[in-house]
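Results of the structural survey
Residue strings, one per chain:
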Amino acid sequence: MTAALSCPTSDLANSRPATLLKRTPATSPRASPPRARPRPCLLYIFSGPRRPLDGFAALAAASSYDTEEVDIERGGEAHDMRLPANRARVLLDLRAGRFCGVLVATPCTTFSIARGNRPDGAKLFGLRSPRYPSGPPWLDEPTRTLVDEHDAMVAFSAEVLGVALDMDIDFILENPAPRNDTSLASSWPERAHLLQIWDTAPLHEFRLRAGARAGLLVVPQCAFGPTPSGKLFQKYTGLLCSSRAAARLADLRHLTCNHARHDELACGDNGPLAAAYPVALNDALVHGLTGARRTTPLPRPP
């Protein structure tokens, strides 16, 4: 036995530095503060210019949702969905489970019905027709490039919806409503020959695969009030929704256009103004994807 271990307590005390003799109150180790849970995040593809007060992202933030907005006007080349690498990155993030809901507003200028027909009734097909859904072979080079780019955006949009469907993520795709379906309020026989995004092969194939898990809702945008420009446009909008989003927005089917007149046509110089969603429509889109709503639901008819 060593001498130190044989010493009485008093001897051990006298043999230690004075600093070791001080008693300290028994305390448990300080617990690390709990990590704040990240807020759920929505994905908005082709979001357009920033609207910090009344845009989709602003209203989602008011309901405690973050939004990642993807648009070339917002992020330049990194947000250019014409580039395959950027499209692949968005799809990878979606598959990784970063987002709880997806809103897609695919560019629609090559599907425009605003060109109309000649006074004598002759049909103008614009850039697309049933015979040439991706444009006729005689298009000039700039127009050919534009249609090809929009075809890539349509295919990408359908792929986004497909990933969301497989991962049970709520989705909404917004685009001008069909004009060739007589069961819809948007029916317009004089424009029924002009193809819309719903007539493209990627969207047609997606809807066949989705079946009852996706539904098309048609609403008049003017029922949501004027756009941020203050102008009231008559513009029927199609919303292709996941089944949960469709159920949340079911009351919108009661909306009708009851206006005696509208300010101007949603074409030409008014195109960008008409493209900006009314605030109440942004609120409805947030509700469709999240279940959160800042306005009262529309009343059902008696």
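Notes on the structure in this doc start here. (Residues numbered from 1 in each chain as written. Predicted model: local features only at pLDDT ≥ 70, side-chain atom pairs only at ≥ 80, totals over all residues. Heavy atoms only, no water.)

1. Here's the deal with the sheet that holds strand 6 (residues 236-242)
Note the following rule: Two strands are counted as paired when DSSP detects at least two bridges linking them. The helix count covers DSSP runs of H or I at least four residues long, the strand count covers runs of E at least two residues long, and both are numbered beginning at the N terminus. Helix axes are fitted to C-alpha atoms over the stretch in contact, other axes to C-alpha atoms as well, and angles between N-to-C directions run from 0 to 180 degrees. It only takes one pair of heavy atoms within 4.5 Å for two residues to be counted as in contact.
Pairing is mixed across the open sheet formed by 6 strands, whose spatial order is 2-1-3-4-6-5. Either end of the sheet is taken by a strand with one partner, and the two such strands are strand 2 (66-70) and strand 5 (214-220). The average undirected angle you get between the axes of adjacent strands in this sheet is 20°. Sheet topology note: the strand 5/strand 6 ladder contains 7 bridges and is antiparallel. Note on strand 6: the bridge partner recorded for V218 is G238. Seen against the sheet, helix 10 (residues 279-290) touches strand 1 (41-45), strand 3 (101-104), strand 4 (170-176) and strand 6 and runs at an angle of roughly 145° to strand 4.

2. Describing the environment of T106
Selection rule: Buried residues are those whose accessible area, probed at 1.4 Å on protein chains only, stays under 20% of the maximum for their type, while exposed residues exceed 50% and partly exposed ones sit between those limits. Whenever two N or O atoms come within 3.5 Å, that pair is a polar contact, provided that in protein one can donate a hydrogen and the other can accept it, and provided that, for residues adjacent in sequence, both atoms are side-chain atoms.
Here T106 shows up in the loop between strand 3 and helix 6 (141-166). Given a relative accessible area of 3%, T106 falls into the buried group. C-alpha separation for the pair T106 and L173, spaced 67 residues apart in sequence, amounts to 7.5 Å. Among all residues touching T106, those that are not within four sequence positions of it are F46, M153, V154, S157, L173, E174, N175 and I197. Of the polar contacts made by the side chain of T106, one reaches the side chain of S157; its length is 2.7 Å.

3. Quick look at the side chain of H287
Looking at the element boundaries, H287 is found in helix 10. Judged by its relative accessible area of 11%, H287 is buried. Setting aside residues no more than four positions away along its own chain, H287 makes contact with R248, L249, A292 and R293.

4. What to know about helix 10
In plain terms, the rule: Multiplying 1.5 Å by the residue count of a helix minus one yields the expected span of that helix.
Compared with an ideal rise of 1.5 Å per residue, which puts 12 residues at 16 Å, helix 10 spans 17 Å between its outermost C-alpha atoms and is within 8% of the ideal. Among the residues of helix 10, L281, N282, D283, A284, L285, V286, H287, G288, L289 and T290 are the ones counted as buried. After helix 10 finishes, the residue G291 shows a positive phi value of roughly 90°.

5. Some details on the packing of aromatic side chains
Any aromatic ring pair is given by two values, namely how distant the centres are and how the planes are angled relative to each other. As a reminder, the rule being used: Each Phe, Tyr or Trp ring (for Trp, its six-membered ring) is paired with any other whose centre lies within 6.5 Å, and the angle between the two planes then decides the class: stacked below 30 degrees, edge-to-face above 60, tilted in between. Here, a charge over a ring means that NZ of Lys or CZ of Arg falls within 6 Å of the ring centre while also lying within 35 degrees of the ring normal.
Summed over all chains, the structure comprises 4 aromatic pairs. Aromatic pair Y132 and W138: ring centres 5.5 Å apart, planes at 80°, arrangement edge-to-face. Relative to F206, the ring of F171 has its centre 5.8 Å away and its plane inclined at 75°; by these criteria the two rings are edge-to-face. Of this pair, F171 sits in strand 4 while F206 sits in helix 7 (residues 201-210), and the two are 35 residues apart along the sequence. Among the residues examined, F171 registers a relative accessible area of 1% and is labelled buried. In this structure F206 comes out as buried when scored by relative accessible area, which is 4%. The cationic tip of R128 hangs over the ring face of F111; the distance from NZ or CZ to the ring centre is 4.1 Å. The lysine or arginine in question, R191, covers the ring of W188, its NZ or CZ lying 4.3 Å from the ring centre.

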